[in-house]
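# A look at the structure
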Amino acid sequence: MSAVSPVSWGCSSESNSLLKKNKSVDIFNAKYKKNCTLMHTQPLRGLKLHALNSSLDIIGDRIKYDDWMPLLKTISADRNLHFLSLKSRHSPGTVIIEHVNTEKQAREFTKGSILFTKYMLEKVVEAFAACITVSKTLMCLEFQSIPLQYEAMNILSEALSKTNCLQHLVLQHCNIGDEGCKLISKALRNQPTVQTIDLSNCEITEQGAFYIAELIKVQEIARFGECWKHSLRYREVSHEIISGLRRIILNNNPNIGDKGLQSIVLVLCDDFWIRATIEEFACEYKPIILNTHQLTIRLRRAVISLAKSYLEKT
């Protein structure tokens, strides 16, 4: 009688991954419910937790002060989520209510969304920043249509400089302006994990473009140094193994202008790593695509001659 080989009932790698993600969401849920109980509130029903990608998606417009507190406490200490998003359905350009800047004023505020008061918005950003700092799993952070002023951007930037896992940063319609762009660029200079930044519709001008160009240049120099280190051991070094920014999205920032665009083009022409897109830059100009290395960038006709002449010299 032939021996029957034992059957392995082990889970596949995909099943294990899904179980881990489900566990991450369960852990967040359990801690959130516990904090709600401690603060005598009920968990929000509209909170979108997705087990498939271990994400938390928040629409913050109608959340009240008392409901924010347990949620922010849970977020600030979370070490399990992979994707964290805060969005507003208000039209872009919503103004922050500056005079509501204390806890007492925030508790008493009833005219509009508490999220857009100075006090609450800074508390929200502080919680997200704490999560960025402590988490070893958070890969994507998204703010959409949230007016992030200088104070909030300063808090966020400090956290970005300390992250060791975040890969994608999305700040669409956040009106960070040139000062916010400067803070982001400074925070990411020596940050190897972040691969994508999306600053679409952020009221960036040519000055902000200069900050982006400076960021690209600093990372480029650091990457060449890394390539040199790797070349001491290996004859050929793949550009893919060198960490750092891969994609910068600056859609719908028409005030960047020709000079701002020129500053970005000049540094990108020497860069092997970044794929930058500037789309819908000015609808009256027909987009033209320039390819060099792994670079694809849509340019105005006004700077095509500059880009071509520069490429001929290199």
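This is a predicted model, so every value here is computed, not measured. (Residues numbered from 1 in each chain as written. Predicted model: local features only at pLDDT ≥ 70, side-chain atom pairs only at ≥ 80, totals over all residues. Heavy atoms only, no water.)

### Structural notes on a positive patch on the surface
Where like charges cluster on the molecular surface, the positive patch consists of Lys31, Lys34, Lys73, Arg79 and Lys136. Examined against the element boundaries, Lys34 turns out to sit in helix α1 (residues 13–38). (Patch = residues over 30% accessible without salt bridge, like charges linked within 9 Å, V, L, I, M, F, W, Y side chains within 5 Å. Areas by Shrake-Rupley, 256 points an atom, 1.4 Å probe, with all protein chains shown as cover. Salt bridge = Lys/Arg side-chain N within 4 Å of Asp/Glu carboxyl O. Lys, Arg positive; Asp, Glu negative; His and termini not counted. Charge placed at Lys NZ, Arg CZ, Asp CG, Glu CD. Helix = DSSP H or I, 4+ residues; strand = E, 2+ residues; numbered from the N terminus.)

### Structural notes on the packing of helix α4 (residues 118–134) against helix α5 (residues 150–160)
The packing of two helices is summarised by the inter-axis angle and the distance between the axes. Running from N to C, α4 and α5 point in directions that differ by 5 degrees, and their axes come no closer than 8 Å. By the criterion of interaxial angle, the relationship of α4 to α5 is roughly parallel. Across from Lys118, Glu122, Val125, Glu126, Ala129, Ile132 and Thr133 in α4, the residues of α5 making contact are Glu151, Ala152, Ile155, Leu156, Ala159 and Leu160. Class assignment for the residues of the contact of α4 with α5 results in eight nonpolar, one polar and four charged. (Axes fitted to C-alpha atoms, helices over the stretch in contact; angles between N-to-C directions. Parallel < 35°, antiparallel > 145°, perpendicular 65-115°, else oblique. Contact = heavy atoms within 4.5 Å. Nonpolar A, V, L, I, M, F, W, Y, C, P; charged D, E, K, R; others polar.)

### A short note on the pairing of strand β3 (residues 83–87)
Relative to β3, strand β2 (residues 55–59) runs parallel, the two sharing five bridges. Bridged to Ser55 within β3 is Phe83. Pairing of β3 with strand β4 (residues 140–144) involves five bridges; the strand directions are parallel. Within β4, the position partnered with Leu86 by the bridge is Phe143. (Pairing = 2+ DSSP bridges.)

### Describing the nonpolar core
Ranked by size, the top nonpolar core spans 70 residues in total, and within it Ile58, Trp68, Phe143, Leu148, Leu156 and Leu171 carry the most contacts. Counting residues per element, this core draws most heavily on α4, at 10 residues. (Core = buried A, V, L, I, M, F, W, Y, C linked by side-chain atoms within 4.5 Å. Buried < 20%, exposed > 50% of the residue type's maximum accessible area, 1.4 Å probe, protein only.)

### Observations concerning the pairing of β2
Among the five residues in β2, four count as buried, and that is most of the element. By the bridge criterion, three bridges tie strand β1 (residues 48–50) to β2 in an arrangement that is antiparallel. Within β2, the residue paired with His50 across the bridge is Ser55. The hairpin formed by β1 and β2 contains four residues between the paired strands, and Ser54 there has a positive phi angle of roughly 50 degrees.

### Looking at the pattern of salt bridges
Note on pairing: side chains with opposite charge can pair once their charged atoms come close. Under the definition given, this model contains eight salt bridges. In this structure, the salt-bridge partner of Asp57 is Lys87, at a minimum N-O distance of 3.6 Å. With Asp57 in strand β2 and Lys87 in strand β3, the pair connects residues that are 30 residues apart, well separated along the chain. Note on Asp57: relative accessible area 14%, which makes it buried. The partner of Lys118 in a salt bridge is Glu98, with the nearest N and O atoms 4.0 Å apart. Remark: Glu98 occurs in the loop between β3 and α3 (103–108) and Lys118 occurs in helix α4; sequence separation between them is 20 residues.

### Examining the confidence of the model for the chain
Across the chain, pLDDT averages 79, with 71% of residues at or above 70. Averaged over each element, pLDDT in the chain is lowest for strand β9 (residues 288–292) (37) and highest for β4 (97). Across residues 1–15, where pLDDT falls below 50, the model places one contact with residues more than four positions away in sequence or in other chains. Long-range and interchain partners of residues 279–310, a stretch whose pLDDT sits below 50, account for 71 contacts in this model, where long-range means more than four residues apart. (pLDDT = per-residue confidence, 0-100.)

### A word on α4
The end-to-end C-alpha separation of α4 is 25 Å, in line with the 24 Å expected for 17 residues at 1.5 Å each. Buried within α4 we find Lys118, Tyr119, Met120, Leu121, Val124, Val125, Ala127, Phe128, Ala129, Cys131 and Ile132. (Expected span 1.5 Å × (residues − 1).)

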